[in-house]
Amino acid sequence: MSTDKVSVHGSWASRWVFILAATGSAVGLGSIWKFPYMVGVYGGGAFVLVFLACIALIGIPVMMAETLIGRRARQSPANALKVLALEAGHSSKWSWGAFAGMITALLILSFYSVVGGWSLEYIIDVGKGDFQAVTPDGVGAFFGELIADPWRLVAWHTLFMLLSAITIAKGVNAGLERSLRILMPLLFVLIVILLGYSLTTGHFMEGVHFMFDFTPEKLLDGLLPAMGHAFFSLSVGVGSIMIYGAYMTKEASISATVVGVALLDTFVSLLAGLALFPIVFAAGLNPSEGPGLMFVTLPYAFGNVAFGTVMGVVFFILVAVAAWSSAISLLEPMVAYLVERTKVRRGWVTFWLSFICWFVGLGTVFSFNIWKQAKFFVNEGGAFHLYQWGATAGLDFFGVIDFFTSRIMLPLGGLCFVIFAGWVMGREAVRDELSVRSPVLFALTFFLMRYVAPIGILIVFAAQLWK
Ligand code: PHE
């Protein structure tokens with residue numbers, strides 16, 4: 001059968017490198033920047049609860065599906081689905097689902113790089129001592145000035161994209177292992193130190209209550225955003241984990257590895273939230289501040305604590321590294337696909353794709369300043385406009401890309417992959433790849449993949465439509 005294919009892009013040296021790479025992909029701005037601000041915007045505990053349920057019942061099964069599809073086919077996502085579908089006697093059109101996922105990954109990268117750029121800027125600012133003894137208003141104003149300056153943002157966005165593209169051009173194996181082996185654990189240590197600081201603010205319990213108390217009425221509000229973010233956080237639904245699975249050695253157990261990576265990623269998100277919210281409350285900042293939340297809260301903490309400057313610089317370097325290791329996993333699926341299809345050199349493919357992402361990213365940069373007034377999908381006073389300049393309702397450019405990717409495309413991509421593994425590939429192929437020893441555990445995993453995850457995704461979509 002198809003179990004002995006070889007990837008033309010190389011493979012990870014060991015199971016350990018897959019774990020590092022997958023964790024590098026999963027743990028990123030999603031856990032440290034996006035999760036806390038979404039918890040803030042969607043009102044705390046209800047969002048967290050739905051998020052955790054979605055990780056367990058939907059995210060992990062999808063992650064397993066992606067990894068096993070990738071490892072079995074050992075090719076880029078679109079080609080993987082094509083080859084496996086044909087092998088199983090199904091239509092090669094399944095590859096379209098993966099193709100849509102790979103495009104979604106590029107759209108995500110377009111804004112991811114902009115925010116990655118913010119963390120680069122903060123390395124310098126914290127290092128210069130700009131936040132020493134800063135007031136809460138001061139940090140807010142600082143962030144406001146940064147995002148109001150399009151050219152500064154473009155410069156950092158360009159640098160971040162370049163750093164990611166250079167790594168991809170060389171091939172993901174080179175450099176990734178060496179840098180992540182030390183830096184990922186260090187990031188973890190720094191978040192724990194921040195958590196220690198939060199414990200001294202006197203507002204720790206307020207943070208805990210905010211994150212874990214909820215009223216049942218609120219559950220529905222954050223349902224789709226929380227599910228979308230579960231996909232985003234685990235890097236599933238776009239083929240990133242699938243392409244990393246394609247480079248995984250045959251001996252590694254997919255089930256144990258995937259559960260480990262997912263737990264680690266979720267743990268980092270929860271720790272980041274627990275570190276952040278007590279500082280938000282202690283400083284009297286607004287938890288529903290939005291995308292700026294991390295960038296006003298943490299500099300405030302670093303500005304008001306002993307050794308804050310050193311710690312702050314190290315922290316933002318680590319955030320940038322975490323973002324970089326996620327960014328390359330967003331670019332890799334399409335790069336691998338085009339290298340397979342066109343035989344054009346990896347370097348060129350990378351250059352053009354990252355240029356396109358960079359260009360689309362300018363839209364996100366400008367949505368914080370010169371295009372702030374440009375609103376899409378405006379629903380005001382009973383009238384609907386696709387686009388309106390200066391409307392108070394509606395989404396800006398960043399909002400549109402974020403909505404389209406996280407709320408629509410990621411869950412749809414996940415649905416495609418999990419149905420593919422559960423229904424197209426069939427039980428035996430899945431059993432062969434997963435290598436779960438206990439039959440009961442396998443039956444449970446397969447049940448989650450075949451029924452619970454797809455039905456769960458559909459229920460969340462339906463609940464959103466009929467809300
Ligand atoms: N999981 C990454 C993060 O949390 C983002 C990402 C999404 C990466 C989708 C790859 C695919 O930052």
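Preceding this paragraph is the structure being described.
These notes cover the structure that comes with them. (Residues numbered from 1 in each chain as written. Predicted model: local features only at pLDDT ≥ 70, side-chain atom pairs only at ≥ 80, totals over all residues. Heavy atoms only, no water.)

### Focus: the overall build of the protein chain
Helix and strand content of the protein chain: 18 helices and two strands. Relative to the compact-globule value of 23 Å for 467 residues, the protein chain shows a C-alpha radius of gyration of 21 Å, a close match. Counting the 467 residues in the protein chain, one finds 59% classified as buried. When contacts within the protein chain are restricted to residue pairs at least 6 apart in sequence, those whose partners lie at least 24 apart make up 81%. With an accessible surface of roughly 18,100 Å², the protein chain has 69% of that area assigned to carbon and sulfur atoms. Positive and negative side-chain charges in the protein chain, numbering 27 and 25 respectively, have mean positions lying 11 Å apart. (Helix = DSSP H or I, 4+ residues; strand = E, 2+ residues; numbered from the N terminus. Rg over C-alpha atoms; globule rule 2.2 N^0.38 Å. Buried < 20%, exposed > 50% of the residue type's maximum accessible area, 1.4 Å probe, protein only. Contact = heavy atoms within 4.5 Å. Areas by Shrake-Rupley, 256 points an atom, 1.4 Å probe, with all protein chains shown as cover. Lys, Arg positive; Asp, Glu negative; His and termini not counted. Charge placed at Lys NZ, Arg CZ, Asp CG, Glu CD.)

### So, the site of the ligand
Around the ligand there are 15 residues in total, and A26, G30, Y112, F232 and S235 lie nearest to it. Between the ligand and G30, the relevant distance is 2.8 Å, taken from an oxygen atom to a main-chain nitrogen or oxygen of the residue. Contact between the ligand and S233: a nitrogen atom at 3.1 Å from a main-chain N or O atom of the residue. For the ligand, whose accessible area on its own is 320 Å², the fraction buried by protein is 100%. Those elements that place two or more of their residues in the shell around the ligand are α1 (15-26), α2 (29-41), α10 (223-234) and α14 (308-342). The residue makeup of the shell around the ligand, split by class, is six nonpolar, nine polar and no charged. (Near = heavy atom within 4 Å. Polar contact = N/O pair within 3.5 Å; in protein donor to acceptor, adjacent residues only side chain to side chain. Nonpolar A, V, L, I, M, F, W, Y, C, P; charged D, E, K, R; others polar.)

### Topic: the environment of A141
Checked against the element boundaries, A141 lands in helix α6 (residues 136-148). By relative accessible area, which is 42% here, A141 ends up partly exposed. Sequence separation between A141 and V296 is 155 residues; the distance between their C-alpha atoms is 8.9 Å.

### A few points about the pattern of salt bridges
Under the defined criterion, the tally for this structure stands at eleven salt bridges. Of the charged contacts in the structure, one is a salt bridge between D432 and R72, with a shortest N-O distance of 3.0 Å. Highlighted residues: D432 in helix α17 (residues 427-434) and R72 in helix α3 (residues 45-73), separated in sequence by 360 residues. Of the charged contacts, one joins E428 and R431 as a salt bridge, the two residues approaching to 3.3 Å between their closest N and O atoms. Placement of the pair is E428 and R431 together in helix α17, with a separation of three residues, close to one helical turn. A residue is classified by how much of its surface remains accessible, and R431, at 35% relative accessible area, is partly exposed. In this structure, a network of salt bridges that share partners links the residues R71, R72, K250, D432 and E433. (Salt bridge = Lys/Arg side-chain N within 4 Å of Asp/Glu carboxyl O.)

### Some words on the nonpolar core
Core analysis: the biggest nonpolar cluster contains 168 residues, and W12, W33, I69, W118 and F315 have the highest contact counts within it. It is α14 that provides the largest number of residues to this core, a total of 19 residues. Beyond its immediate chain neighbours, meaning those up to four positions away, I69 contacts A80, L81, L84, M242, F417, F420, A421 and M425. (Core = buried A, V, L, I, M, F, W, Y, C linked by side-chain atoms within 4.5 Å.)

### Thoughts on the environment of V335
Along the chain, V335 turns up in helix α14. Sequence separation between V335 and R72 is 263 residues; the distance between their C-alpha atoms is 19 Å.

### A closer look at the packing of aromatic side chains
Inspection of the entire model under this criterion finds 40 aromatic pairs. Summarising the aromatic geometry, the rings of W12 and Y247 are spaced 5.6 Å apart at their centres and angled 70 degrees between planes, so their arrangement reads as edge-to-face. Taken as a pair, W12 in the segment before α1 and Y247 in the loop between α11 (240-246) and α12 (254-282) lie far apart in primary sequence, 235 residues in all. One cation-aromatic arrangement involves K34 over F232; the distance from NZ or CZ to the ring centre is 4.3 Å. We note R450 situated over the ring of W423; from NZ or CZ to the ring centre the distance is 3.7 Å. (Phe/Tyr/Trp six-rings, centres within 6.5 Å; stacked < 30°, edge-to-face > 60°. Lys NZ or Arg CZ within 6 Å of the ring centre and 35° of its normal.)

Keep in mind that these numbers describe shape and distance, not what the molecule does.
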